[in-house]
Amino acid sequence: KAVVSTQSTGEGDVYEALTDEETEEQVIERLRLPRLPSFFTGHRFFLHSESFPEFETIKEVTRCLITYGGMVFDHMSRDVRFIVTNSEEWQSDFETALSVNPEAKFLRTKWVDTCCEKRKAVDKEPFYLLS
C-alpha cells in the first residue's frame, strides 16, 4: 500500500513523499529466488583436471554441477560415479582413475554443458568416452 506523508526538514520546509510500505512477508516473497532444477542430485563427479586446458573451464563446470545438485569430489574415490573430462579421446592416465573405481564412467564436458543449457538432464550415452 502507498502512504503519503508530510514531513518537516527542520527548517520549516514541508514536502510530500510517496513511500511504499511492505510487510516483512511481502519483502521475503519479492526477494525469493526461483527454485532451480536439481537434475544432478545423487550424481557424484570428479573432474579430470589434466584434461582441462584452463582453470576457468574447471570452475565453470564445477559451478554448473553444484548449482543443479551434483556433488563434486576434489580427488578420485570409490564414491565417484562419473569422471568429467574435457578430452575427446582416451588418455593413458585415465586408467589411474579407473584403478580407484573401475565402475566409474567417463563423460565429456559437453554433456554437462548441454544439461545446463537445457536446464534438464539429457541422455548420457552419446557423451560417454570409451577406452
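Data block above holds the structure.
Cut-offs and rules
Residues numbered from 1 in each chain as written. Predicted model: local features only at pLDDT ≥ 70, side-chain atom pairs only at ≥ 80, totals over all residues. Heavy atoms only, no water. Pairing = 2+ DSSP bridges. Helix = DSSP H or I, 4+ residues; strand = E, 2+ residues; numbered from the N terminus. Right-handed = clockwise from strand over helix to strand, strands pointing away. Buried < 20%, exposed > 50% of the residue type's maximum accessible area, 1.4 Å probe, protein only. Contact = heavy atoms within 4.5 Å. Phe/Tyr/Trp six-rings, centres within 6.5 Å; stacked < 30°, edge-to-face > 60°. Axes fitted to C-alpha atoms, helices over the stretch in contact; angles between N-to-C directions. Parallel < 35°, antiparallel > 145°, perpendicular 65-115°, else oblique. Left-handed = near helix turned anticlockwise from the far one by under 90°. Nonpolar A, V, L, I, M, F, W, Y, C, P; charged D, E, K, R; others polar. Polar contact = N/O pair within 3.5 Å; in protein donor to acceptor, adjacent residues only side chain to side chain. Core = buried A, V, L, I, M, F, W, Y, C linked by side-chain atoms within 4.5 Å.

Q: Any chance you could explain the pairing of strand 6 (residues 105-108) here in plain terms?
A: The two faces of the sheet receive side chains in turn, since in a regular strand these alternate between them. Both strand 5 (residues 82-85) and strand 6 contribute to a ladder of four bridges, which runs parallel. By the bridge assignment, Thr85 is partnered in strand 6 with Arg108. Remark: the strand 5/helix 3 (residues 94-100)/strand 6 crossover connection has right-handed handedness.

Q: Please explain helix 4 (residues 109-118) as it appears in this structure.
A: An α-helix turns once per 3.6 residues; consequently, residues spaced three or four apart project the same way. Among the residues of helix 4, Thr109, Trp111, Val112, Thr114, Cys115 and Cys116 are the ones counted as buried. Packed against the buried residues of helix 4 are strand 3 (44-47), helix 2 (55-67), strand 5 and strand 6. Arg119 lies just past helix 4 and shows a positive phi near 55°.

Q: Would you mind going over the pairing of strand 5 with me for this structure?
A: Burial of strand 5 is two-sided: the residues Phe82 and Val84 facing one way and the residues Ile83 and Thr85 facing the other way are all buried. Pairing geometry for strand 3 and strand 5, over three bridges, is parallel. Looking at strand 5, one finds that Leu47 is bridged to Val84.

Q: Hey, could you run me through the packing of aromatic side chains in this one?
A: To describe a pair of aromatic rings, you give the distance between the ring centres and the angle between the ring planes. Under the criterion given, the structure shown has nine aromatic pairs. Plain terms: the ring middles of Phe45 and Trp111 are 6.2 Å apart, the flat faces sit at 40° to each other, and that makes the pair tilted. Of this pair, Phe45 sits in strand 3 while Trp111 is found in helix 4, placing the two residues 66 residues apart along the sequence. Accessibility classification places Phe45 together with Trp111 in one group, the buried group. Among the aromatic side chains, those forming a connected cluster through ring pairs are Phe39, Phe40, Phe45, Tyr68, Phe82 and Trp111.

Q: Where do I start with the packing of helix 2 against helix 4 in this structure?
A: Helix-helix packing is characterised by the crossing angle of the two axes and by the distance between the axes. Across the interface, helix 2 lies against helix 4 with an axial gap of 10 Å and an inter-helix angle of 50°. Classified by the angle their axes make, helix 2 and helix 4 are oblique. Read as a crossing pair, helix 2 and helix 4 show a hand that is left-handed. For the pair helix 2 and helix 4, the contacting residues are Val61, Cys64 and Leu65 in the first and Thr109, Val112 and Cys116 in the second. When grouped by side-chain class, the residues that make up the contact of helix 2 with helix 4 number five nonpolar, one polar and no charged.

Q: Please clarify how the side chain of Thr85 should be interpreted in this entry.
A: Within the element layout of this structure, Thr85 appears in strand 5. Within the structure, Thr85 has its side chain in polar contact with the backbone nitrogen of Ser87 (distance 3.0 Å). Contacts of Thr85, omitting those with residues within four sequence positions, involve His48, Ser51, Phe52, Phe94, Phe106, Leu107, Arg108, Thr109 and Leu129.

Q: Is there a simple way to think about the nonpolar core in this case?
A: One finds Phe40, Leu65, Val84, Trp111 and Val112 to be the most contacted residues of the largest nonpolar core, which totals 20 residues. If near-sequence neighbours (up to four positions away) are discounted, Phe40 is found in contact with Phe45, Cys64, Leu65, Tyr68, Gly69, Gly70, Trp111, Cys115 and Cys116. Phe46, Phe73, Met76 and Leu129 belong to the second largest nonpolar core, which has 11 residues in total.

Function cannot be read off these values alone, since they describe shape.
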